Structure formats: structure tokens, C-alpha cells
Amino acid sequence: MISPEIRKRYTVTIGIECHVQLKTKTKLFAAVDNDAREAPPNTLVSHICFGLPGALPVLNREAVRLAVRAAFALGTSPAPFSKFDRKHYFYPDLPKGYQISQYDEPIIAGGAIDVPLLDEATKEQHTIRVGIVRAHLEEDAGKSTHPAGKDYSLVDLNRAGTPLLEIVSKPDMHSAAEAKAYAHELYLRMKYAGISDCDLYLGHMRFDVNVSVSHDPAKLGIRTETKNLNSFRSVEKAIEYEVNRQIEVLEKNQPVMQETRGWDDAKQRTFTQRTKEEAHDYRYMPDPDLPPVVLDEAFINGVRAEMPVMPEQWRERFNVLGYDKARIEDLLDIHADVPEQGYLSFIEKRLDDPDFARFVANVVMNIYEPFRTGGSSGHRSINPKWQTLLQQIYELVQAGSLSSTKYKELILDLNEKDIPIEGIKQYAVDHDYIQVSDEGEIAAIVSQVLSENEKAAQDVKNGEMKVIGFLVGQVMKASKGKANPGLAQELIKKQLGL
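Model, not experiment: these values are computed from the prediction.

A. Local environment of helix 5 (residues 232–251). If you check helix 5, its first and last C-alpha atoms are 29 Å apart, about what 20 residues at 1.5 Å a residue would give, namely 28 Å. Here helix 5 has its buried residues at Phe 232, Ser 234, Val 235, Glu 236, Ala 238, Ile 239, Glu 242, Val 243, Arg 245, Gln 246, Ile 247 and Val 249.

B. Structural detail: the environment of Val 360. With respect to the helices and strands, the residue Val 360 is situated in helix 10 (residues 354–373). It is 38 Å that separates the C-alpha atoms of Val 360 and Gly 463, two residues lying 103 residues apart in sequence. Excluding its chain neighbours within four sequence positions, the residues that come into contact with Val 360 are Phe 346, Ile 347, Ile 382 and Leu 390.

C. Geometry of the packing of helix 11 (residues 384–398) against helix 12 (residues 404–415). Look at helix 11 against helix 12: their axes get within 11 Å of each other, and the N-to-C directions meet at 155°. Classified by the angle their axes make, helix 11 and helix 12 are roughly antiparallel. Crossing of helix 11 over helix 12 shows right-handed handedness. Residues Trp 386, Leu 389, Leu 390, Ile 393 and Val 397 of helix 11 pack against Tyr 407, Leu 410, Ile 411, Leu 414 and Asn 415 of helix 12. Split by residue class, the contact of helix 11 with helix 12 holds nine nonpolar, one polar and no charged.

D. Representation of the packing of aromatic side chains within the structure. Per the stated rule, a full pass over the model turns up twelve aromatic pairs. An angle of 70° between the planes, with centres 5.8 Å apart, marks the rings of Tyr 89 and Tyr 282 as edge-to-face. Of this pair, Tyr 89 sits in the loop between strand 3 (85–88) and strand 4 (98–101) while Tyr 282 sits in the loop between strand 14 (269–275) and strand 15 (285–286); the two residues are 193 residues apart in sequence, bridging distant segments of the chain. We classify Tyr 89 as partly exposed; its relative accessible area is 26%. Considering the side-chain rings of Tyr 103 and Tyr 284, the 3.9 Å spacing of their centres and the 5° angle between planes classify their relative orientation as stacked. Taken together, the positions of Tyr 103 in the loop between strand 4 and strand 5 (108–109) and Tyr 284 in the loop between strand 14 and strand 15 put the pair 181 residues apart, joining distant regions of the chain. Using a relative accessible area of 23% as the deciding quantity, one classes Tyr 284 as partly exposed. By the ring-pair criterion, three or more aromatic residues cluster together here, those being Phe 346, Phe 356, Phe 359, Tyr 394 and Tyr 407.

E. Representation of the layout of surface pockets in the model. By volume, the second largest pocket is sized at about 530 Å³. Around the second largest pocket, the lining comprises 20 residues; the ones closest to its centre are Pro 116, Leu 117, Leu 118, Glu 120 and Ala 181. Among the secondary structure elements, those contributing two or more residues to the lining of the second largest pocket are strand 6 (112–118), strand 7 (125–139), helix 4 (176–192), helix 5 and helix 8 (325–337). Broken down by element, the lining of the second largest pocket gets its largest block of residues, six residues, from helix 4. When the residues that make up the lining of the second largest pocket are grouped by side-chain class, the tally is nine nonpolar, four polar and seven charged.

About the cut-offs
Residues take numbers from 1 onward in each chain, read along the sequence in its written order. The predicted origin of the model limits local features to residues at a pLDDT of at least 70 and limits the giving and counting of side-chain atom pairs to 80 or more, whereas totals for whole chains, interfaces and linings rest on all residues. Just so you know, side-chain values use all the structure's heavy atoms and leave hydrogens and water out. The helix and strand labels rest on DSSP assignments: H or I over at least four residues marks a helix, E over at least two residues marks a strand, and numbering proceeds from the N terminus. In this analysis, the expected span of each helix is defined as 1.5 Å times one less than the number of residues it contains. In this scheme, a residue with accessible area under 20% of its type's maximum is buried, one over 50% is exposed, and one in between is partly exposed, where area comes from a 1.4 Å probe on protein chains only. Only heavy atoms matter for contacts: two residues are in contact if any of them lie within 4.5 Å across the pair. To define axes, lines are fitted to C-alpha atoms, for helices over the stretch in contact only, and angles between the resulting N-to-C directions are given on a 0 to 180 degree scale. Should an angle lie under 35 degrees it is considered roughly parallel, over 145 roughly antiparallel, and from 65 to 115 roughly perpendicular; all remaining angles are considered oblique. Take the far helix as the reference: if the near one is turned anticlockwise from it by less than a right angle, the crossing is left-handed, and if turned clockwise, right-handed. Each residue gets one label: Ala, Val, Leu, Ile, Met, Phe, Trp, Tyr, Cys and Pro are nonpolar, Asp, Glu, Lys and Arg are charged, and the others, such as Gly, are polar. Pairs were defined over the aromatic rings of Phe, Tyr and Trp, the Trp ring being its six-membered one, requiring ring centres within 6.5 Å. Orientation was assigned from the angle between planes: stacked under 30 degrees, edge-to-face over 60, tilted for the rest. The method works on a 1 Å grid over the protein atoms by themselves. A cavity is a set of points holding a 1.4 Å probe that cannot get out, a pocket is an open set with protein on both sides within 12 Å along at least five of seven lines, and residues with an atom within 4 Å of a point line them. Grid points are joined across faces, edges and corners, and a volume is the space filled by probe spheres set on the points.

Without other data, these values stay purely geometric and don't point to any function.
Put into C-alpha cells, the structure is as follows:
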């Protein structure tokens, strides 16, 4: 393990290449289904996927439209002119012997995104700006599998030709935490823009991290690339391991080898795969079967006009809630997971009443989301009926009729039932959700509790105010949870002469 003193002597530099699978119905150059999740091997294929002689690719227009959306999501505009190239290399699951990609004239050049970063020590949030070198369209290769104990491998070409957008960052990150935050921000932006389903488990987003360490802050060290990371945690852990490994090599006065490495999640370590190729090794050449992509201003402006509200815009709008920034990030994550539920849009509509908007946000984060992730099939979107229901429950809370515990229990109860909106209040009364706010009734309970807990009552009278919480708890217990706790505390003080 590298000591903090040695670690401080090195500058860490990180860049990330992210492959995003575009959400199209068909592949990039073939009219074949793009969803291979449940398909048997080699069934979603065509003569184009197999690279048969004479097979001609035809560009998917929707993939281009999604790439244009990605440009706006990355803080830039698409290139009016781009072209496709052939990237030559041999691999068993690449039948053509080359991959159709973009090289010197990609559809996206430049851009930058501001990445929120939470300081774990201070819990303060700040932003870092990560520049984008380029993002280009390309087709995915097939998939090789290597059955354990067998002397052969299998190739499945269902994935061959899947449309990808490769986003290449500038080396603007200098810690594993920054890289993890950047990967997460890319996920949010691609998901919110509708570019990809961004299912990391299924490989819809894969991250290749380039890491170098150097004694000289003005000079980059020799980098390694760790490929195909499919979780934010693996991005963080692979970088942490690779930084320590490279420092250990340099501390022994040995050179770091430029190479491609893999990540062993079980062992939490990187391992050598192959010597890193350079651009000239791929023998790039323009693809003669595909014309350049020329985007006119009307097409670009049309895509710009249909862009949805992006994470950075939601952050700005929700500042009025008075939440700490970490809680706003939680809301953004929930929306990314279930955008069809319409949580953010409903909260935004009620920002004229920040208290109610905060109430709905708390319901989403503390009730709906845990309820949904717990596996219930009864999870509700905030449809018009539930908008009215939440308004009624909020009014009961504001009136002191529902405690913070009881309103949560009531919502979970109602989530499983189909009760007419006009019957909600009566339902709450009939099922003992409404808390007692009758002063005479609670005063009697308080009197009984004080007589049964004379020592605690005397401690409160002597100035030990922390004990009053115990007495309030006893009142709540005696009332079976229905007493208004605020009123109970006031009456305890009153009866004790405080």
C-alpha cells in the first residue's frame, strides 16, 4: 500500500472513453433488431453483420439523430460534416476484419460538462469541468465466449453492428472520485436526453479509463487503459488500484508499460491484456461504401428544439427547494431510473409552493423509491389522482392531523388500495391515522404519564430537557401513537410549571 507521503509526490491524470449503446430499433448499418437481450445466439443477424462479400451498409438515420442530441447533452453542437472510416484489426468476432467507425472527422468535436462532486470529508459540493475531445459513431463487434474446460470458443454476432457513440474526454480528472462522478454525470445526461437506456448491467454504457502518474505536474506519465468497466464503483476501484500499482512500479525505478488492461472485479485488481495499439496500427481509411454525413441547419435546429430538460437545468430549478445539493442528486437519480413516473415534472409544477414541493420530493425519496426498490408491484406514478391525494395528505399534515410517521404509513397503505379521492380523509379517520389534537384529551394522558414517571418529571423540572423526549414518547405510547407530539410537549411543560 502506498503511503500518503509517497502518494503526494505524484500527479495523477485520468481520461475516460465511454461507449454508449444508442437506443435505436435496428442496428447501425443493417435492418436487424437492436435488442439482443433474450435472443438466441446468431439469430439477430444479416449478411451485413456477417460481412459477406458484396454486403453494403446503410446508415441508420435515428442513430444520427441521437448523436446530434448527444452533442447538445455534451455542451456543444454537432459537426455539419462527418464521415465514416474503416478501423482494421483482427478479432474472431469481427467478421469483416475491420470496424466501421469515425476517425478524423467525427460527428461531435469538442464540448465540456460540469460535474458535481461531493467532498466526503466536508459534505460540501463543488463542480469540476471535464472537456470532451470528441464523440464518434461506430458499430460494435460481436461477442466471444470461452466455455470453462473446453478447447474451443464460441462467437455470437447478435451484437455485431449495434450502434455505439464513443465519448472521449480530455485528461481533466485527477482522482478516482472525480472520474466516478464524471462517469455518473455522463450516465445522467445520456439517460435524460433519451440517447440510451444506459443499463450498465447489460453493457449499454462501458467505460475505458486511461490512467497515468508522473513526478512532474507539467508532464504526463506513461498511461495504461483499463477496458470495459460497467459500473461507477468499478471505475473508481480500478483507478485506485492502477494509481497505486503504477506508483509502486516507479518507486522501484522501473518503467510503466503502455498497455491495455482488464479489471478482475472478484480480486479487485487490474491485469495485463495486450500491448496498447496506436492509431497507425489500425490502418484507418475512409469507408468507400458510406457517403459523408451532412447535416443541414434545419435538421440540427429541429433536434435542438426537441431536447428535454437536462440534469443541470433541473439542478438550477430545484435550488428553490432549499435542499442540500446531495438530496437534489438523489432526486435526479430516481428520475433517471423511472422517468415514466413524472416525479420531477410534478415537483416543478408546484415550485410556486416550495413547502408542498419539498413534501412531494420527500415522499418520492423516502417512500416511493424505497417502496419500489423493495420489489412492490404497486408503485405509483404521480398521475392526476395521486396529485390530488398528495395535496390532501399534505393539508392534513399542515393542520397537525397527521404525524410524519403516520402520513408515510397512510401513503403506503393507499398505494395498495383504490380508494376514491373524496374518501381519503374519512379512511384516515377510520383506520386510526389521524392524530389527536384535542387539548383536553391529551392533557389527561399527560397527567397520567407524569404521575407514572415522577423521576423523569422531576429531572425535566430540574432543567434536564432531554428527558422531555422520553415523556413525549410515553404519551405517544399511551395514546397508541395518535397524540399530537408537539401539543403533548407543550402540555408536559405546562403541567410541570415550565
